[in-house]
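Letter by letter, the chains look like this.
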Amino acid sequence: GGDVALRRCRDIMLTNNQILSPKYRGVYLDDCTRCRVSGNAVAAEEGDEETLLAPITVTGGGGNHIVHNSVPAGKDGAVVCDAAQNRVENNYPAA
């Protein structure tokens, strides 16, 4: 899971949030369809790199838009999902 987790949802917008110092994942979508995750800032603090897997993770589902988020790098990457099933673009490294 993640600090913010959506499971088996559709047509949800998660927009313009600050997610501070997530332990494993900031945002986790599991089997979601047509959801939009945009304009969010996931901020990691010193030491978080030890446990942070990915600021945004999407498993299953499809048709989701993961766009225009500020995300740090995690062990598995910044955004982890099947890009063939979801739109992933313009996610920027967190400063």
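Here is a short report on the structure shown in this document.

What counts and what doesn't
- Residues numbered from 1 in each chain as written.
- Predicted model: local features only at pLDDT ≥ 70, side-chain atom pairs only at ≥ 80, totals over all residues.
- Heavy atoms only, no water.
- Pairing = 2+ DSSP bridges.
- Helix = DSSP H or I, 4+ residues; strand = E, 2+ residues; numbered from the N terminus.
- Buried < 20%, exposed > 50% of the residue type's maximum accessible area, 1.4 Å probe, protein only.
- Axes fitted to C-alpha atoms, helices over the stretch in contact; angles between N-to-C directions.

### A short note on the sheet that holds strand β10 (residues 79–80)
Two modes of strand pairing occur in sheets, parallel and antiparallel, and in both the strands are linked by backbone hydrogen bonds. A sheet is described by the order of its strands in space; here four strands give the open sequence β1-β4-β7-β10, paired in parallel fashion. In this open sheet, the two edge strands, each paired with only one partner strand, are β1 (4–7) and β10.

### A short note on the environment of V42
Counting through the fold element by element, V42 comes out in strand β6 (residues 41–43). On the basis of relative accessible area, V42 is assigned to the buried category, the value being 2%. Distance from V42 to P55, taken between C-alpha atoms, is 6.4 Å for residues 13 residues apart in sequence.

### So, the sheet that holds strand β8 (residues 65–67)
If you walk across this open sheet you meet the four strands as β2-β5-β8-β11, and the pairing is parallel. Strand pairing shows two members of the sheet lacking a second neighbour, β2 (13–15) and β11 (87–89), which therefore form its edges. Sheet twist, expressed as the average angle between the axes of neighbouring strands with direction ignored, equals 5°. Both β8 and β11 contribute to a ladder of three bridges, which runs parallel. Paired with H65 across the two strands is R87, which belongs to β11.

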